[in-house]
Amino acid sequence: MVEQEPDDLDLDAVFQALSHPIRRSILEQLADGPESVSDLAEPHDVSLPAVSKHLRVLEDAGLIDVEKDGLVRRCHLDAVPLSAAFGWLTQYRVFWEDRLDALANHLENEDQ
């Protein structure tokens, strides 16, 4: 398994990978542990080739690792890109919390 440094991550690819509900569902499945491609495909009403395309997007974004175990391909979650995306989002959460606190203070002072 190749470890990625947060600075090496492509946040555009991460957010693009997270933009599809099937890919988000696959990541949720993998949070419980590694699974085969066929196990990941089972709950979705799409073809196995379609699931493979989703897995490729997740792999290209660095969100999963795929390894061959004989004829079976097993997928593992790599949470490092999710952590980097969360860090980026946190900056804006703090920004908006500060803005909303300032608005609340302004409204409180206006009432007095």
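A quick note: this is a predicted structure, and the numbers were derived from the prediction, not measured.

The next point concerns a nonpolar patch on the surface. A contiguous nonpolar surface patch, about 810 Å² in accessible area, is contributed by Trp 88, Leu 89, Tyr 92, Phe 95, Trp 96, Leu 100, Leu 103 and Leu 107. Looking at where Leu 100 falls in the secondary structure, it is placed in helix α5 (residues 80–111).

If you walk across this open sheet you meet the 3 strands as β1-β3-β2, and the pairing is antiparallel. Where the open sheet ends on each side, the last strands, each with one partner, are β1 (35–36) and β2 (64–69). Bridge count for β1 against strand β3 (residues 72–77) is 2 bridges, and the pairing is antiparallel. Within the sheet, the bridge partner assigned to Glu 35 lies in β3 and is Cys 75. Running over the sheet, helix α2 (residues 21–30) touches β1, β2 and β3 and is turned about 85° from β3.

Glancing now at the confidence of the model for the chain. The pLDDT averaged across the chain works out to 90; a share of 92% of its residues lies at or above 70. Within the model, pLDDT remains below 50 along residues 1–6, and this stretch shows 8 contacts once partners closer than five positions in the same chain are excluded.

With respect to the element layout, Gln 29 can be found in helix α2. Considering only alpha carbons, one finds Gln 29 and Leu 77, 48 residues apart in sequence, at a separation of 9.1 Å. Filtering out sequence-adjacent residues up to four positions away, Gln 29 remains in contact with Glu 35, Asp 39, Leu 40, Pro 43 and His 44.

A full pass over the atoms with the stated rule returns 3 salt bridges. Note that Glu 59 is salt-bridged to Arg 56, the shortest N-O span being 3.2 Å. Here Glu 59 pairs with Arg 56, and both are found in helix α4 (residues 48–60), just 3 residues apart, close to one helical turn. The salt bridge involving Arg 56 is made with Asp 60; its shortest N-O contact spans 3.9 Å. Highlighted residues: Arg 56 and Asp 60, both in helix α4, separated by 4 residues, approximately one helical turn. A relative accessible area of 46% places Arg 56 in the partly exposed class. Connected through salt bridges with shared partners, the residues Arg 56, Glu 59 and Asp 60 form a single ionic network.

Rules used throughout
The residue numbering used here restarts from 1 in each chain and proceeds along that chain's sequence as written. Where totals are concerned, whole chains, interfaces and linings use all residues; where local detail is concerned, this predicted model gives features only for residues with pLDDT of at least 70, and gives and counts side-chain atom pairs only at 80 or more. Each side-chain value is worked out from all heavy atoms of the structure, with water and hydrogens disregarded. Excluding any residue in a salt bridge, patches collect residues exceeding 30% relative accessible area, merging like charges within 9 Å and nonpolar Val, Leu, Ile, Met, Phe, Trp and Tyr side chains within 5 Å. Accessible surface area values rest on a Shrake-Rupley calculation with a 1.4 Å probe, where residue burial reflects the displayed protein chains alone. Every case where a carboxyl oxygen of Asp or Glu lies within 4 Å of a side-chain nitrogen of Lys or Arg is listed as a salt bridge. Numbering of helices and strands runs from the N terminus; a helix is a DSSP stretch of H or I covering at least four residues, while a strand is a stretch of E covering at least two. Two strands pair if DSSP finds at least two bridges between them. Should any heavy atoms of two residues lie within 4.5 Å, those residues are counted as being in contact. For every element, the axis is a line fit to its C-alpha atoms; helices are fit only across the contacting stretch, and the angle between N-to-C directions ranges from 0 to 180 degrees. Summary of the metric used: pLDDT quantifies the predictor's per-residue confidence within the range 0 to 100. Throughout this description, buried means an accessible area under 20% of the type-specific maximum (1.4 Å probe, protein chains only), exposed means over 50%, and partly exposed covers the range between.

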